[in-house]
Amino acid sequence: MEGKMKAILKTKEEKGAELQEVDIPDYGPEQILIKVESTSICGTDLHIYEWNKWAQENINVPQIMGHEVAGEVIEIGDRVENIEKGDFVSAETHIPCGHCYQCKTGKMHICNNMRILGVHKDGVFAEYAVIDAVDVWKNDPSIPAEFASLQEPMGNAIDTIAAGDVAGKNILITGAGPAGLISVSVAKAFGATQIIVSEPNDYRRDIAKEMGADIVVNPIEEDLGSIVYEATEGIGVDFVAEMSGNETALNQALKLITAGGSMALLGLPDDKVNIDLTNDVIFKGIDLIGVTGRKMFDTWYTAKRLLKSGRVDLEPVITHRFSLEEFEKGMELMESGNCGKIILKP
Ligand code: NAD
Ligand code: ZN
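I will try to describe carefully the structure that is included in this document.

**A short note on the packing of aromatic side chains**
Right, on to step 1. Counting across every chain of the model gives 5 aromatic pairs.
Right, on to step 2. Aromatic pair Phe297 and Trp300: ring centres 6.3 Å apart, planes at 50°, arrangement tilted. Trp300 shares its class with Phe297; the two are buried.
Right, on to step 3. Within the aromatic cluster, the residues linked to one another by ring pairs are Trp137, Phe297, Trp300 and Tyr301.

What follows is the structure in structure tokens.
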């Protein structure tokens, strides 16, 4: 398609990004072009904006930022099947190679040659975006575009909660960023009977309550241990969803899991962490489960069902809505932590 579009580009190898007019991108035979209806900012986008060490190693400028998206199919590559113009779609953001051991054995989401939308190729903070056919997800038309774009981070929450056996159990979620917040509601839908959330940020603890947390704790000012034991008849929690990436939170949580319980780890520590494997994991017989990305596409089916049935309502997590022009406000809010999910709309 000929023409120009607005896009948020990382143009320099330093902090910042720019809104520019660029050509509407070309798409290949196994790709589609979508008109973007809604996007959302992820912590990864903030890392790219801030130009941290990870971004310096992974991003080639100039590049369009963003990966969480929902939009309408406008153009379709020659070899793409089962997708029609006008379809309302979202995108899985992991782009698998299709031929490695993981891809060939039903684990495309942890492909050995993984590329990521908005990280290794142009992203979606724009009026139009190109999506690889393998990543296209047809949305249910009843799901609002803002929620549809949040299915990607929601998928992280789903896989983390689904990694444990939470039905009828007491669980702890450490970290109530967007991932932790969505996990509260997912855990409720999965039948957890008591959900304790630990989060230092007041603003986020309030949203956790709205999402259905039974107990919210400020781990800096309160004694998380005694609150957990009191709430669980001295047993401790059966399952922890670690969503902070914080070493202190991780160690605190390991102590609060009852022997035989489990922890799913989504949070990414910046550095190597120290844990007492002997006493906190091995002797307690605890399962530690790493979670990355979303199963392609089991997780997306679950997200669709949870949203369509209303079992999960993402409205409380969406705290701000901005136009592409206002993206810097969004980045500043993300830096402050006083936000849930921030929607960006072209
Ligand atoms: P976020 O940074 O917005 O949320 C982390 C939260 O942890 C913050 O609200 C912070 O205040 C809180 N926190 C800090 N110290 C704490 C402590 N001691 N106890 C409890 N909470 C504490 O991130 P997010 O977008 O919600 O994502 C959650 C984590 O998951 C991040 O580490 C992110 O990098 C990671 N992530 C991993 C994957 C994956 O595929 N594994 C995908 C997306 C995000
Ligand atoms: Zn692969």
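**Concerning the pattern of salt bridges**
Right, on to step 1. With the rule as written, the count across this model stands at 20 salt bridges.
Right, on to step 2. The residue Lys6 makes a salt bridge to Glu325 at a minimum N-O spacing of 2.8 Å. Placement of the pair is Lys6 in strand S1 (residues 4-10) and Glu325 in the loop between strand S17 (318-323) and helix H12 (327-336), with a sequence separation of 319 residues.
Right, on to step 3. With relative accessibility at 25%, the residue Lys6 sits in the partly exposed group.
Right, on to step 4. Here Glu146 and Arg321 are joined by a salt bridge, their closest N and O atoms 2.8 Å apart. Residue Glu146 is located in helix H4 (residues 145-149), and its partner Arg321 is located in strand S17; the two are separated by 175 residues in the primary sequence.
Right, on to step 5. Judged by relative accessible area, which is 42%, Arg321 ranks as partly exposed.
Right, on to step 6. Linked through salt bridges whose partners overlap, the residues forming this network are Glu146, Glu315, Arg321 and Lys345.

Reading the values: rules and limits
What you see as residue numbers is a count from 1 along each chain, following the sequence as written. As they are written, the chains are lettered A onward and the ligands numbered 1 onward, keeping that order. In view of the model being predicted, local features appear only for residues whose pLDDT reaches at least 70, and side-chain atom pairs are presented and counted only at 80 or more, with totals across whole chains, interfaces and linings using the full set of residues. The side-chain figures draw on all heavy atoms in the structure; neither hydrogens nor water molecules are used. Put simply, two rings from Phe, Tyr or Trp (the six-membered ring, in Trp's case) pair if the centres are within 6.5 Å, and we call them stacked under 30 degrees between planes, edge-to-face over 60, tilted for the rest. Here's how the labels work: a residue is buried when its accessible area is under 20% of the maximum for its type, exposed when over 50%, partly exposed in between, all with a 1.4 Å probe on protein chains only. Note on definitions: salt bridges are taken to be side-chain nitrogens of Lys or Arg within 4 Å of carboxyl oxygens of Asp or Glu. Under the DSSP-based scheme used, a helix requires at least four consecutive residues in state H or I and a strand at least two consecutive residues in state E, with every element numbered from the N terminus.

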